[in-house]
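Analysis of the macromolecular model
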Amino acid sequence: MSTNTESEVSVQEVINHLRTPIHDIHNLVRLLCVPLEATRLLPPQYRKHDAHSSESGKVIDVSKFIPILQRILLEAVLPTWEPILKEEGYMPLIQQYFCPDDSSTSSTAAGITALCAYSSILSLSTQIKLDMLLKLTKEYPIDRLYKTISEIPDAERRSLAWDDCLRNLFAVPGKVANALAGRVIPPLLAMPDYNNNLSVRCEYLLYSLSSTFVPDDISLLTHVFTKLVGVGMFPSSVHLSPSQPSFFRSTLPVIRQRLRENGSGSRAYKSLWSTLMSSLPSLLTQRAVVASLFASLDSMSASDACSGSSASREALLLQGVLGEASSDTKLWQVITAVILNRTWGQNYARLFVCWISRNTRALETFISDVLGVWTSPDHVKYSLLSQHLYMSALLLLSITQFPCSSPQVEAVALSPSFVSAVGTYIGHTDNSIRRCGMLVAEIVASRVGKSLDFGDWDGDDDGRSWAREMRVLCTWGDTVSSPRFEVRDDIGIHEGVSSNDDVQGNLSQNLPLESQVSPPRSSGIRTTDIRTDAGYDSDDSLTGYASPSAGSPSPTPSELLEIEQDPTLHVGVKKISRPVYLAQLGTLVRNTQGLDSREESHEAEKIEMALTAGEDLIRRKRDFGTELVENAANLVYGFIVLNNNYELEDFDDKRQRIVTALVACCPKVVAPCMIEEFFKSQYSTEQRFVILNALAMGARELASLPAHSSRTVPFSSTKLRPGLHQKRSVAGLQNQVELLLGDITRDAIDKSREPVTDSLPEFNRERQLRIRKAGRVTEVVQRPNHGIVLPQPHPPKAVTYTEVAAEYFIMPLINRFWAFLRDEQVREERTAHRDTLFQYRGAGTGLILNPVILSHFLRTMAILVHASRNGPQWLAVIAPEALELAVTLGSRQISLALSDQVNETSSAPGGRKDEAAVLTSALDLAIIVLDGSLEQDGGRTLSLEHAVLLLSVGEWAGEVFKVLDSGGRVEGMGGTYEADLRRAAAGVVLKFQELASKWRRSMVDVR
């Protein structure tokens, strides 16, 4: 057996021993030394513990055994032996399995061990060893790991190993944060510091590879930059917060220093950067890196004007990182897109021109691209002032890099698009934007030997001060040499600030240009030819013509239409389209993608459009496939939580109609959803009223009953206009349900006053014989059968309320209330022994057990029960459950908060002080149940199967009526509530006596 095989067998035995319990520290140390010796990672001071030291030069496969050993150490050995190992001084031996010391860092085994350690440590999401991870990130950063991976001979394995390494390195901050779960994170492992240090090591990796890089190195480095872009290390914002990591903000000082070095190292470093930037696989990745590089130039992002030396220095930086500006490279499109699609500012315009102007061909292409944007009608009309200033500065600085009357300048001056754009600029309504076009026209005319002066340049407002600055910049410039006569040395372009002699020489060369630019005039447009060439053509001139009339002509209808449709006249106003699908309606009120800051100003228009079109759209989609079923729940959530934050007109009425339409059009989905939402604690009293009103009105609409009462609320105003008086006198949401319930109970009580002849069989039979009509005989028409019977399409059957009342409305509402009441009472009982300040109260303001909401809940239940009286489950299920709810809420104290308000002098039954509204609503519900039972089967089912419940109702109502008749009062009693309470108590007593008189002998009292 070979020595290598013997070592592997020995290591496998160590693994088996470590998986079993170990009782001796010395035995543990001896076992730990064996694998380290086999991998040549054992420190010299621990070799005395290894009795099987191998003198052979062969080592075991580290990637095969080290991950297993690391896993065992983290999961089994360290949780048991870590305190003792620290006390005995053997922890360095454990750390050697994860982060080999300096004596081993140069070996390949040490690098593979560190690679495996990242994966092993991060795999334990809840027990990450922070001390080992900290040491690992310091001793084995990305550049050292790259050296280990680059030694793998197979290209495919090398790429896979590098991907795994990058995944582990970039996962460190997130894994640590998840493991600590809100505790303090070590600064070096926190997201900002860790990513910034990772960026610094990535730059060092580039520098170390610059002199010897090969195409495979470029491929691996592109993976690094793609990962860096993915984690946000290349932000494009100019002003970053301190917690925002940035690659270039961390590495730019070092990059500047390396680019300033003389010799072949600097040239190789520049070559690697330009090659890497061109090799990035994605245009989005390239744009992110280029934009972040531009944004990281702090001297350019200052609000005040930068110096010429700063622009020249930053241009050298761009040339070192991005290479020489050339329109033939793949990176050129990315660079021009970043420059032209964003407003960088005047300082950046000087920088870009200073960098690009070192290549004449690139500058010509750049002028063509800038001119295409500057002359665009959309840009002239719709761009902001900052964009106009930036693009005008780019165009002027680029053109003035060429000598006067050069072919490039003449091509711009004679371009039809340029001449047309100048006219569009002059007609712009904004003075500052208009002066951008006027200034460009004047300077371009002066560069081709023409004189053009629009005048009115005195002052500092409306872009005049910016125009003077641009004239100076166009005269002095930021480059030392002409783009056609670049001065180069063995390193590249000269760096540094121009000497005083160079500045004087540059100024003397540009004096003719300054003389050709006309000085500011007072007002008016005057044109004067300085010289006349032999081949002069008036059509090529930029000379303006004075208008013969003082007044401006009236606009034509087409011009008026264009002005009306001009978006610049309605800045910030976005037309909200009317929704045609329910998903669009849901997006208007409940945007699940978050609120964009640019869309925040249109939120009021969105809500108003949703309220205006919501009801009609929902009713039109009632029988249109499954669209309403799929979007109903989302619409319920969206409209219930709406608040009138923008003071929209008829907000409450429109919102209520929409929610009611949802209940009526999709009851099987909406009703359970709304019932579940009603018992959540996140809604206000108004929103709970919307839910209850929608259930009541939607149920009556499904039952083909009127959803509104014919009565109106008395309104005493006689001084308002008729329309306003009508608006103020309309019943509110709560009053509408009260009026409906009042009509129903009044009709039920009035039935008791009908003539007694209705209950006598002989009189009733005689009346039926007199009224009933015989049924008509209809002829059945036989249709001819031609042998083919086609199925007749049947319209979808409309859902009636009696079909869904028990399953989707009443019983879910009652059952959910009992569960809610049980939980609230348990919470109150658990805190009843505490001081009053710390006791839980289930009947506070806005809670369901508050008398205001509870009384409305009972009114809604009464309307639902009344509308379902023709349902098949009414006698057996709905009537007894609703009656039990009424008796419980009307006769028992449901909250300790209400019991604390009981007055010793209260004359209410049982010493209880009820709210008049709750008691009246409970009695109304009882009237409806008793009256419906009398109508359905004469009270038989309720009297014989629920005798105890019926007797309890009679006793409760009789006690209330006795107290009220003797002059007693109830909390909240007064006004209409007093009359309604007396009427409801009397009505329940009458209905009970009617039932008891018929079924008393058959009723069995089991109490």
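Residues numbered from 1 in each chain as written. Predicted model: local features only at pLDDT ≥ 70, side-chain atom pairs only at ≥ 80, totals over all residues. Heavy atoms only, no water.

A few words on the overall build of the protein chain. Each helix and strand in the protein chain was counted, giving 44 helices and zero strands. Here the protein chain holds 1007 residues, and 46% of them are scored as buried. Summarising the internal contacts of the protein chain: among those between residues at least 6 apart in sequence, 76% fall at separations of at least 24. A total accessible area of about 51,200 Å² is found for the protein chain, and carbon and sulfur atoms account for 52% of it. (Helix = DSSP H or I, 4+ residues; strand = E, 2+ residues; numbered from the N terminus. Buried < 20%, exposed > 50% of the residue type's maximum accessible area, 1.4 Å probe, protein only. Contact = heavy atoms within 4.5 Å. Areas by Shrake-Rupley, 256 points an atom, 1.4 Å probe, with all protein chains shown as cover.)

Turning next to the packing of helix α8 (residues 155-180) against helix α10 (residues 215-230). Close contact between α8 and α10 brings their axes to 11 Å; oriented N to C, the two are set at 25°. By the angle class used here, α8 and α10 are roughly parallel. The handedness of the crossing between α8 and α10 is right-handed. Here Arg158, Ser159, Trp162, Asp163, Leu166, Arg167 and Phe170 of α8 come into contact with α10, specifically with Asp216, Leu220, His223, Val224, Lys227 and Leu228. Looking at the contact of α8 with α10 residue by residue, the classes come out as six nonpolar, two polar and five charged. (Axes fitted to C-alpha atoms, helices over the stretch in contact; angles between N-to-C directions. Parallel < 35°, antiparallel > 145°, perpendicular 65-115°, else oblique. Left-handed = near helix turned anticlockwise from the far one by under 90°. Nonpolar A, V, L, I, M, F, W, Y, C, P; charged D, E, K, R; others polar.)

The next point concerns the state of the cysteines. Scanning the model with the defined rule gives zero disulfides in all. Note on Cys202: no disulfide assigned, nearest cysteine sulfur contributed by Cys165 at a separation of 10.0 Å. Its relative accessible area of 1% is what places Cys202 among the buried residues. (Disulfide = S-S within 2.5 Å.)

It is worth spelling out the environment of Arg471 at this point. Tracing the chain through its elements places Arg471 in helix α24 (residues 464-476). By relative accessible area, Arg471 is classed as buried at 15%. Arg471 sits 32 residues away from Leu439 along the chain, and the two C-alpha atoms are 8.7 Å apart.

The residue Arg700 is located in helix α33 (residues 685-702) in this model. Of the side chains bearing the opposite charge, Asp743 lies closest to the buried Arg700, which forms no salt bridge; the N-O distance is 7.3 Å. Other than its neighbours up to four places away in sequence, Arg700 contacts Leu705, Pro706, Ala707, Leu740, Ile744, Ile863 and His866. (Lys, Arg positive; Asp, Glu negative; His and termini not counted. Salt bridge = Lys/Arg side-chain N within 4 Å of Asp/Glu carboxyl O.)

Turning to its location among the elements, Glu82 is positioned in helix α3 (residues 62-88). Owing to a relative accessible area of 14%, Glu82 belongs among the buried residues under this scheme. Other than its neighbours up to four places away in sequence, Glu82 contacts Val77, Met91 and Lys129.

Attention now goes to unusual backbone geometry. With a phi angle near 60°, Arg40 is a residue other than glycine that sits in the positive phi range. In this structure, Arg40 sits in the loop between α2 (25-38) and α3. Despite not being glycine, Asp462 has its phi angle at roughly 55°, a positive value. Position of Asp462 among the secondary structure elements: in the loop between α23 (431-447) and α24.

Enumeration according to the criterion identifies 24 aromatic pairs in this entry. Judged by centre distance (6.5 Å) and plane angle (90°), the rings of Tyr269 and Trp273 are edge-to-face. Here the residue Tyr269 and the residue Trp273 both occupy positions in helix α12 (residues 264-279), the gap between them amounting to four residues, near one helical turn. Here Trp273 falls in the buried class, since its relative accessible area comes to 0%. (Phe/Tyr/Trp six-rings, centres within 6.5 Å; stacked < 30°, edge-to-face > 60°.)

An α-helical turn contains 3.6 residues, so any two residues separated by three or four positions project in the same direction. Its 18 residues place the ends of helix α39 (residues 874-891) 24 Å apart at the C-alpha level, agreeing with the 26 Å of an ideal helix rising 1.5 Å per residue. For α39, every residue scored as buried is listed here: Trp874, Ile878, Ala879, Pro880, Ala882, Leu883, Leu885, Ala886, Val887, Thr888, Leu889 and Gly890. Looking at the buried residues of α39, the elements they touch are α37 (801-830), α38 (851-867), α41 (916-937), α42 (940-945) and α43 (947-965). (Expected span 1.5 Å × (residues − 1).)

With that out of the way, let us pick up the pattern of salt bridges. If you walk through the whole model with that rule in mind, you get 27 salt bridges. For the salt bridge of Arg619 with Glu701, the shortest nitrogen-to-oxygen distance reads 2.6 Å. With Arg619 in helix α29 (residues 603-620) and Glu701 in helix α33, this residue pair connects regions lying 82 residues apart in the sequence. In this structure, Arg869 and Glu935 form a salt bridge, with 2.8 Å as the shortest nitrogen-oxygen distance. Within this pair, whereas Arg869 is found in the loop between α38 and α39, its partner Glu935 is found in helix α41, the two being separated by 66 residues in sequence. Looking at Arg869, the relative accessible area reads 9%, which means it is buried. Among the charged side chains, a network of salt bridges with common partners joins Arg869, Asp931, Glu935 and Lys991.

A few words on helix α32 (residues 667-678). Its 12 residues give α32 an end-to-end C-alpha distance of 16 Å, which sits within 8% of 16 Å, the value for a rise of 1.5 Å per residue. For α32, the set of buried residues is Pro667, Val670, Ala671, Cys673, Met674, Ile675, Glu677 and Phe678.

Glancing now at the confidence of the model for the protein chain. Considering every residue of the protein chain, the mean pLDDT works out to 79; 75% of them sit at 70 or more. Within the protein chain, no element has a lower average pLDDT than helix α26 (residues 511-516), which sits at 33, and none a higher one than α32, at 95. Across residues 480-550 the pLDDT falls below 50, and counting only partners more than four positions away or on other chains, this stretch makes 87 contacts in the model. Within the model, pLDDT remains below 50 along residues 762-775, and this stretch shows four contacts once partners closer than five positions in the same chain are excluded. (pLDDT = per-residue confidence, 0-100.)

Moving on, we come to a negative patch on the surface. Taken together, the side chains of Glu605, Glu608, Glu649, Asp650 and Asp652 present a region of like negative charge at the surface. By the element assignment, Glu608 lies in helix α29. With relative accessibility at 42%, the residue Glu608 sits in the partly exposed group. (Patch = residues over 30% accessible without salt bridge, like charges linked within 9 Å, V, L, I, M, F, W, Y side chains within 5 Å. Charge placed at Lys NZ, Arg CZ, Asp CG, Glu CD.)

This brings us to the nonpolar core. The nonpolar side chains of a soluble globular protein tend to be buried, and buried together. Grouped together as the largest cluster of nonpolar side chains are 163 residues, with contacts concentrated most on Leu18, Trp273, Phe294, Leu322, Ile339 and Leu394. If you tally residues by element for this core, the top one is α3, at 11 residues. Sequence-distant contacts of Leu322, defined by excluding residues within four places in its chain, comprise Ser274, Met277, Val290, Leu293, Phe294, Leu331, Ile335 and Trp355. By size, the runner-up hydrophobic cluster in this structure holds 116 residues, among which are Met674, Val918, Leu949 and Val988. (Core = buried A, V, L, I, M, F, W, Y, C linked by side-chain atoms within 4.5 Å.)

The next point concerns the packing of α2 against α3. The interhelical angle for the contact between α2 and α3, taken along N-to-C directions, is 145°, at an axis separation of 12 Å. Here α2 runs over α3; the crossing is left-handed. Listed contacts from α3 to Ile25, Leu28, Leu32 and Pro35 of α2 are Leu69, Leu73, Val77, Trp81, Ile84 and Leu85.

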